[in-house]
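Chain and residue survey
One-letter residues, chain by chain:
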Amino acid sequence: MDLTWDIDREGDASLVRCRVRNDDAVPRRVRIESRLGAPVLPPRRGGLPESGWDEAGVTLRLDPGERRALGFAARAPPTDPPVEIADVEAVDTTAESVSEEPIARDERAGSATAVALRRLGDHRPPRAATAGGADELNGASKAEREGSSNPTGDASPGESAVSDVDDDDTFDGGERDADPDDSPSASRGPTEWFDAVGTRLDAVEARIDRAERLTDADLAAATEAVAEADGVEELSGLDQRVAADATRLRELSERASALAARAAETEAPVEALEQLA
Amino acid sequence: MILAVAGGKGGVGKTTLAYNVAAALDAVVVDADLGMADLPGGRGPDLHDVLAGEADPIETLRAGPVDVVPCGRTLAGARAADLRRLESAVASIERERGTVVLDCPAGRRADAGVPLAVADACLLVVSPRAFALADAIRTRALARELDAGLVGCAVNRVTEEPPTDAIADALGAPAAVVPADPRVGRSVAEERPVVDAAPDSAAAEAVRELARRVPR
């Protein structure tokens, strides 16, 4: 059995790549274990580890001359070597017809859900789509930017123009609601922007909470807050950011109430228009 | 009985038919479209919360002309949803309420596959256009691999005589024709299933015909 490896450091995690080759003339089952001081984070799909992996390592079946590449991460500093061959055993080829490949065995034993998750692509929206939030949600994004994420930037006239266009989009969305059959996403509009604003406000609230806890804090409470923020550097600029939050929140509140008043005044004769159309 | 309403392509009327067939079956309809929910929402916990492990499936049931398990509308909720929880969630709704209809998303990713894996049978929705049929055939293959027997297919929003026999041959299941009817199109938004709103219409008869094919 021939094992080569390579290790990279990424933040507080070690990324291990290895190649293993069965140089025997018979099929072998090999157990490769991590020597890093933390549980193995195996390759996953849909939240399910690939077949053969567990916290300590991986078990593979290799045909004669077969070469396999694998990799994993662990939250631990690199060690030398990061992996070792813990066990090699001959595969009993007579029992093989019963037990087959570990993958096939797993798929049969596992639920149909596990089969679907292993074989089909991940459905989840990328992390960037949820963390950024601002780009994918129309009308709300400007208010959000004003509300929290860009406390130092001023709203330019250009942005206001964009916001006007967004308002039109929102109206279209509402109009399409009547026929969800044609537009799968139409009914999401009215509530989704609010969720996004809510999320942004939660972030601002967390910042204000922190500032409140530091206001007139005794030594113990302050130490705790600093420890929670991963050091005093993380808190630098907190006072300016919270002050900017206060300004933006006041602006946002004024604009929101003005818009609410205007929204309450409108009376679009959509039904009448539909009857005429 | 758990019935998945699938179709591969988006916009062919999966949600509308899931809702109306659920009405004819007196079933609960679950909005399993994690990324683009379509069925009426609500204020309480939804399927995103259940799949994130934060709510009991039974408390998400929302009473109406057709009882609905709504789905959240946020991308963060779709991201946090763990599809491994779908099977037990749907099973507990089935124990409580008998028949469950799953409104599946479009596509061939895990969110479309897992509801098929969870379901006992599936109903395919196709539009009378050829390009939608290709997606339906791919979904048919996926359903077969995941052991969701096909009980029928619905050729939806038909305005002129479609090649029903060719579609039934391609998919390997009897095809029911659902004529284009604005009352069907509005049924979900207004929460008025066509079997109640217009029981004598051709569309209502087609929906009842599809429901009769579902073994119970």
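Preceding this section is the structure that the text describes.
For the structure given in this document, a descriptive report is provided here. In this text the structure is predicted, and so the values were computed from the model without any measurement.

Examining the nonpolar core
Residue and element names in this part refer to chain B. Core analysis: the largest hydrophobic core is formed by 52 residues, its most contacted members being Leu47, Leu116 and Leu171. For this core, the element with the most residues is helix 5 (residues 110-118), which contributes five residues. If we ignore the near neighbours within four places in the chain, the residues touching leucine 116 are Ala4, Ala6, Cys122, Thr139, Leu142, Ala143, Leu146 and Ala148. Ranked by size, the runner-up nonpolar core spans 36 residues in total, among them Val21, Val68, Val195 and Ala206.

Digging into helix 10 (residues 202-212) of chain B
Residues and elements named next belong to chain B. Considered for burial, the residues of helix 10 that qualify are Ala203, Ala204, Ala206, Val207, Leu210 and Ala211. Down the axis of helix 10, the buried side of the element spans an arc of 160 degrees, and every buried residue falls inside it. Exposed and oriented more than 90 degrees from the buried face of helix 10 are Ala202 and Arg212. Where the residues of helix 10 are buried, they touch helix 1 (14-25), strand 5 (121-126), strand 6 (149-158), strand 7 (175-179), helix 8 (182-190) and helix 9 (194-197).

Considering the pattern of salt bridges
A side chain with one charge can pair with a side chain of the opposite charge if their charged atoms come near. Applying the stated criterion to the full structure yields 23 salt bridges over all chains. With a shortest N-O distance of 3.3 Å, aspartate 122 of chain A and arginine 124 of chain A are connected by a salt bridge. Under the relative-accessibility criterion, aspartate 122 of chain A is labelled partly exposed at 30%. For the salt bridge of aspartate 135 of chain B with arginine 138 of chain B, the shortest nitrogen-to-oxygen distance reads 2.8 Å. In this pair, aspartate 135 of chain B and arginine 138 of chain B are both assigned in helix 6 (residues 130-145), three residues apart and thus about one turn of the helix distant. Taken together, the salt bridges that share partners define one network made up of Glu205, Arg208, Glu209, Arg212 and Arg213 of chain B.

Conventions and cut-offs
- Residues numbered from 1 in each chain as written.
- Chains lettered and ligands numbered in written order.
- Predicted model: local features only at pLDDT ≥ 70, side-chain atom pairs only at ≥ 80, totals over all residues.
- Heavy atoms only, no water.
- Core = buried A, V, L, I, M, F, W, Y, C linked by side-chain atoms within 4.5 Å.
- Buried < 20%, exposed > 50% of the residue type's maximum accessible area, 1.4 Å probe, protein only.
- Helix = DSSP H or I, 4+ residues; strand = E, 2+ residues; numbered from the N terminus.
- Contact = heavy atoms within 4.5 Å.
- Arc of directions from axis to C-beta.
- Salt bridge = Lys/Arg side-chain N within 4 Å of Asp/Glu carboxyl O.

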